[in-house]
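Coordinates in review
Next come the chains, spelled out residue by residue.
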Amino acid sequence: QKLAEANQSLQQSSAEVAQLRETVESLEATKSSVSAELQVANEKIAALEEKLTNKESYTKELLESAECLEKKVSDSTETNSKLELKLSEANNAISALQSKASSDANELKSLTEEIANVRYQNERLEERANQLESSLSDSSQQSSTEIAR
C-alpha cells in the first residue's frame, strides 16, 4: 500500500512536472513573442526619435531663417527710411533750384528788357548826335560862308 501511495504520488508529481514544463514552454514562447514585439517597439521608438531630432533640427533652421529674414526686413525698413529722407531732401533741393531758376529767369527777362531799352536810348542818342553833328557841320559851313562874305 505504501508502494502504491508512493507510486501514485510519483505519478502525480510527474504529471505536475509535465504541467510545469508545459507552462515553462508556454512562458518561454510568450517571452520570445514579447521580446520580438519589444524589439519592434524599440525600433519604432528609435525611428520616431530620429524623426523628432530631424524635426527639431528643421524647426531650428526655420527659426534661424525667420530671424535672418526679420533682420533683413528691419535693415530694409531702415534703408528705406534713410532713402525716403534723402529723397525728401533731394525734392526740397530741386524745389529750391526751380525757385532760383524761376527767379533767375525773371531777372534775366528784366535785364533783357533793360538792355533793349538802353540800346533803344543809345540809338536815339546816336541819331541825336548825328543830327547835332550835321547841324554843327551845317552851322560851321554857314559860318564859314558868312565869314567869307
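Everything that follows concerns the structure shown earlier in this document.
To keep things clear, this report deals only with the structure shown in the data block. All figures in this text were calculated on a predicted structure; none of them were measured in a lab. (Residues numbered from 1 in each chain as written. Predicted model: local features only at pLDDT ≥ 70, side-chain atom pairs only at ≥ 80, totals over all residues. Heavy atoms only, no water.)

1. Describing the overall build of the protein
Definition in use: Strands are runs of DSSP state E lasting at least two residues, helices are runs of H or I lasting at least four, and both sets are numbered from the N terminus onward. Throughout, the Shrake-Rupley method with a 1.4 Å probe supplies accessible areas, and for residues the shown protein chains are the sole cover considered.
Within the protein, the regular secondary structure consists of one helix and zero strands. Of the accessible surface of the protein, which amounts to about 13,700 Å², a share of 54% is contributed by carbon and sulfur atoms.

2. Quick look at the pattern of salt bridges
Where charged atoms of side chains with opposite charge meet at close range, the side chains can pair. Stated precisely, the cut-off is as follows: What counts as a salt bridge is simple: a side-chain nitrogen of Lys or Arg found within 4 Å of a carboxyl oxygen of Asp or Glu. In this scheme, a residue with accessible area under 20% of its type's maximum is buried, one over 50% is exposed, and one in between is partly exposed, where area comes from a 1.4 Å probe on protein chains only.
Tallying each qualifying case throughout the model produces five salt bridges. Note that Glu 78 is salt-bridged to Lys 82, the shortest N-O span being 3.4 Å. With Glu 78 and Lys 82 both in helix H1 (residues 2-148) and four residues apart, this pair spans about one turn of that helix. A residue is classified by how much of its surface remains accessible, and Glu 78, at 43% relative accessible area, is partly exposed. The network of salt bridges with common partners includes Glu 123, Arg 124 and Glu 127.

3. Considering the environment of Ala 105
Tracing the backbone shows Ala 105 in helix H1. Placed 83 residues apart in sequence, Ala 105 and Glu 22 show a C-alpha to C-alpha distance of 120 Å.

4. As for a negative patch on the surface
Basically, it comes down to this: Nonpolar side chains (Val, Leu, Ile, Met, Phe, Trp, Tyr) within 5 Å and like charges within 9 Å form the patches, drawn only from residues with over 30% relative accessible area and no salt bridge. This count recognises Lys and Arg as positive and Asp and Glu as negative, with His and chain-terminal groups excluded. By convention, charge coordinates are those of NZ in Lys, CZ in Arg, CG in Asp, or CD in Glu.
On the surface, Glu 61, Glu 64, Glu 67 and Glu 70 cluster together into a negatively charged patch. For Glu 64, the position within the fold is in helix H1.

5. Quick look at the environment of Ile 115
Checked against the element boundaries, Ile 115 lands in helix H1. C-alpha of Ile 115 to C-alpha of Leu 20: the two residues are 95 residues apart in sequence and 137 Å apart in space.

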